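Analysis of the macromolecular model
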Amino acid sequence: MRMNELTRYFDKYVDFDAIGERIDALQERLGKLRDNLPEVPVGKIRERLPSYREVRGKLPFAPRERSYALPATLAVGGLAILGAIIVTAVVMSDANGRLPKNPDDLGGAI
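Because the structure is a prediction, the values reported are computed rather than measured. (Residues numbered from 1 in each chain as written. Predicted model: local features only at pLDDT ≥ 70, side-chain atom pairs only at ≥ 80, totals over all residues. Heavy atoms only, no water.)

Secondary structure assignment for the chain yields five helices and zero strands. Going from N to C terminus, the chain has its helices and strands arranged as α-α-α-α-α. The burial tally for the chain puts 1% of its 110 residues in the buried class. (Helix = DSSP H or I, 4+ residues; strand = E, 2+ residues; numbered from the N terminus. Buried < 20%, exposed > 50% of the residue type's maximum accessible area, 1.4 Å probe, protein only.)

A grouping of Y9, F10, Y13, F16, I19 and I23 is seen on the molecular surface, where their side chains present a nonpolar patch of about 630 Å² in accessible area. For the nonpolar patch, the secondary structure elements donating two or more residues are helix 1 (3-13) and helix 2 (16-36). Relative to the helices and strands, F16 resides in helix 2. (Patch = residues over 30% accessible without salt bridge, like charges linked within 9 Å, V, L, I, M, F, W, Y side chains within 5 Å. Areas by Shrake-Rupley, 256 points an atom, 1.4 Å probe, with all protein chains shown as cover. Salt bridge = Lys/Arg side-chain N within 4 Å of Asp/Glu carboxyl O.)

Glancing now at the confidence of the model for the chain. A residue-level look at the chain finds 83% of positions with pLDDT of 70 or above and a mean pLDDT of 80. Averaged over each element, pLDDT in the chain is lowest for helix 3 (residues 42-48) (75) and highest for helix 5 (residues 69-95) (90). (pLDDT = per-residue confidence, 0-100.)

As a further point, take helix 2. Between its terminal C-alpha atoms helix 2 stretches 31 Å, which fits the 30 Å expected from 21 residues at 1.5 Å a residue. Counting buried positions along helix 2 gives zero out of 21 residues, so the element sits mostly on the surface. (Expected span 1.5 Å × (residues − 1).)

Structure representation (structure tokens):
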């Protein structure tokens, strides 16, 4: 698509006025929230907040120990695929070889 086509498409389907109004409303809400926050020194806030390790440890989906099974499986699978491609290429190159015109050159296969 050319740039002018993209511009026409966005002008047709995207309501930029509604987006601007929502941004203004969000900025008003942020201003109200800032006004309602108490004035507290940053040092006190940091003392009350838990550390990253504590938060991560409490998450239900956080892995406890790192496992290398998936990367190893992907590596072995990639090597197997690569091997299959190479074997197929060798077999196909042998199959596409030219046959001799004289049946005696086949070595009595026929």
